[in-house]
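Structural features, examined
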Amino acid sequence: MSSNDKTPGTPDNPLREELPEEVLAKAPEKASEPGAERAEREPGRPAGPTGRQRLVMGLWPPRVSRAQLIVALLLFGLGFGLAVQVASNSDSDGALRGARQEDLVRILDELDDRTQRLEEEKQGLEDQRTELENSSDQAEEARKQTVEKEKQLGILAGTVAAQGPGITLTIDDGKGTVEADMLLDAIQELRAAGAEAIQVNGVRIVAGTYLTDVSGGVAVDGNKISSPYRFKVIGKPQDLEPALNIPGGVVQTLEKEQATVTVERSDKIVVDALRPAERPDYARSSSQ
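Model, not experiment: these values are computed from the prediction.

**Points about the overall build of the protein chain**
Along the backbone of the protein chain there are nine helices and eight strands. Split into buried and exposed, the 288 residues of the protein chain put 22% on the buried side. At a minimum sequence separation of 6, the contacts of the protein chain that also span at least 24 residues come to 75%.

**Some remarks on the pairing of strand β5 (residues 217-220)**
In the sheet, strand β4 (residues 211-214) pairs with β5 via four bridges, with the strands oriented antiparallel. Paired with T212 across the bridge in β5 is A219. Connecting β4 to the next strand, β5, in antiparallel fashion are two residues, including G216 with a positive phi near 85 degrees. Two elements, β5 and strand β6 (residues 223-225), share three bridges in a ladder whose sense is antiparallel. Paired with A219 across the two strands is K224, which belongs to β6.

**A look at the confidence of the model for the protein chain**
It should be kept in mind that the predicted coordinates are not to be read in detail where pLDDT is low. Averaged over every residue, the pLDDT of the protein chain is 78; the share at 70 or more is 73%. Ranking the elements of the protein chain by mean pLDDT puts helix α2 (residues 34-41) last with 49 and strand β7 (residues 229-234) first with 97. Across residues 1-11 the pLDDT falls below 50, and counting only partners more than four positions away or on other chains, this stretch makes two contacts in the model. Within the model, pLDDT remains below 50 along residues 30-36, and this stretch shows one contact once partners closer than five positions in the same chain are excluded.

**Some remarks on the sheet that holds strand β2 (residues 197-200)**
On the basis of which strands lie adjacent, the open sheet formed by five strands has the order β3-β2-β7-β1-β8 and antiparallel pairing. With one partner strand each, in any of the chains shown, β3 (203-205) and β8 (260-271) form the two edges of the open sheet. Mean inter-strand twist for the sheet, computed between neighbouring axes without regard to direction, equals 25 degrees. As paired strands, strand β1 (residues 162-172) and β7 are joined by six bridges and run antiparallel to one another. The residue of β7 that forms the bridge with L169 is F231. Its contacts with the sheet place helix α7 (residues 180-192) against β1, β2, β3 and β7, and it is angled at close to 10 degrees to β7.

**Re a nonpolar patch on the surface**
A surface patch of nonpolar side chains, amounting to about 360 Å² of accessible area, comprises F76, F80 and V84. Within the fold, F80 resides in helix α4 (residues 66-97).

**Concerning helix α8 (residues 237-244)**
The buried fraction of α8 is high, at six of eight residues. Among all positions of α8, only P237, D239, L240, P242, A243 and L244 are buried.

**Concerning the pairing of β1**
In terms of burial, β1 is a largely internal element, eight of the eleven residues being buried. Where β1 lies against β8, ten bridges are found, and the strand directions are antiparallel. Its bridge partner lying in β8, G164 is registered against I269.

**Structural notes on the sheet that holds β6**
One open sheet accounts for three strands, arranged β4-β5-β6; its pairing is antiparallel. Among the strands making up the open sheet, the edge pair consists of β4 and β6. Within the sheet, the average angular offset between the axes of one strand and its neighbour, ignoring direction, is 35 degrees. Across the sheet, α7 touches β4 and β5, and the angle it forms with β4 is around 155 degrees.

**Some thoughts on a negative patch on the surface**
On the surface, E179, D181, D185 and D213 cluster together into a negatively charged patch. You can see D181 is positioned in helix α7. Assessed through its relative accessible area of 43%, D181 is described here as partly exposed.

**Some remarks on the pattern of salt bridges**
With the rule as written, the count across this model stands at four salt bridges. Put simply, R117 and D239 hold a salt bridge, and the shortest N to O gap is 2.8 Å. Taken together, the residues span a long stretch of sequence, with R117 in helix α5 (residues 101-134) and D239 in helix α8 at a distance of 122 residues. We note a salt bridge from R265 to E241, for which the minimum N-O separation is 2.4 Å. Separated by 24 residues along the polypeptide, R265 in strand β8 and E241 in helix α8 bring together distant segments of the chain.

**Considerations on the nonpolar core**
In terms of nonpolar packing, the biggest core is built from 31 residues, with I171, L190, I198 and F231 touching the most fellow members. Among the elements of the structure, β1, α7, β2, β3, β5, β7, α8 and α9 (250-256) are those that each provide at least two residues to this core. With six residues, α7 is the largest single contributor of residues to this core. Non-local contacts of I198, meaning those with residues more than four positions away in its chain, are made with I187, L190, R191, V203, R204, I205, F231, K232, V233 and V271.

About the thresholds
- Residues numbered from 1 in each chain as written.
- Predicted model: local features only at pLDDT ≥ 70, side-chain atom pairs only at ≥ 80, totals over all residues.
- Heavy atoms only, no water.
- Helix = DSSP H or I, 4+ residues; strand = E, 2+ residues; numbered from the N terminus.
- Buried < 20%, exposed > 50% of the residue type's maximum accessible area, 1.4 Å probe, protein only.
- Contact = heavy atoms within 4.5 Å.
- Pairing = 2+ DSSP bridges.
- pLDDT = per-residue confidence, 0-100.
- Axes fitted to C-alpha atoms, helices over the stretch in contact; angles between N-to-C directions.
- Patch = residues over 30% accessible without salt bridge, like charges linked within 9 Å, V, L, I, M, F, W, Y side chains within 5 Å.
- Areas by Shrake-Rupley, 256 points an atom, 1.4 Å probe, with all protein chains shown as cover.
- Salt bridge = Lys/Arg side-chain N within 4 Å of Asp/Glu carboxyl O.
- Lys, Arg positive; Asp, Glu negative; His and termini not counted.
- Charge placed at Lys NZ, Arg CZ, Asp CG, Glu CD.
- Core = buried A, V, L, I, M, F, W, Y, C linked by side-chain atoms within 4.5 Å.

Structure below.
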């Protein structure tokens, strides 16, 4: 038999043999990927979030408790207060840094004078206590001190006339630019410098005095006054005048408004404008 004569059904490669059809039918299919198999089992289920997505979901939106919110508000308020205090101190330091040497010396002298006045007042109270403790007739001594205290309170309340050393402050407002708050600043500065009695254009200044702007001038406790504004002030002249002339103080502020300001010292200032003694409607003494 020649090499070209092949038996029907014999393969070209004599080493390969056809597998039976039963074996081919039972051969396992190629294993599929795990993800694909899971997708085939659950075709309607979406894929789960990634690790980064789970981290973002855990951080946002933030979950803040009530205690944490209160602490945050308190810290914010504390920080805001500290910032305002630092800014205020910076402004004060800047004003003093720009002042002249003689102005700084005058400010220091004024602070020393205020400290001395407080020490003298403290010493006077201690002396009164000592007199009460050592007096043979404590009732009589207490009566004398009560009368003296009544006079002092009458001066402060404006129900008693007073005289003593002090200054006269005159403000000539020819331009009509001086307002009530500027006069109030002058009163407060004089009180801080130790003024014991003040009257302005015949109106007695007391603790409850108020000033308002009115047409053509200023009203003091409802009483209209106009320029020139004349302050009669009883106190230590060496303290009162420098307090008005400090850098950026009352005099400089008024002069910026084109007002003319003069301060005169005197050994005798008379404050005779009086306030009626008003009886309180409800308050009564609690002393026995």
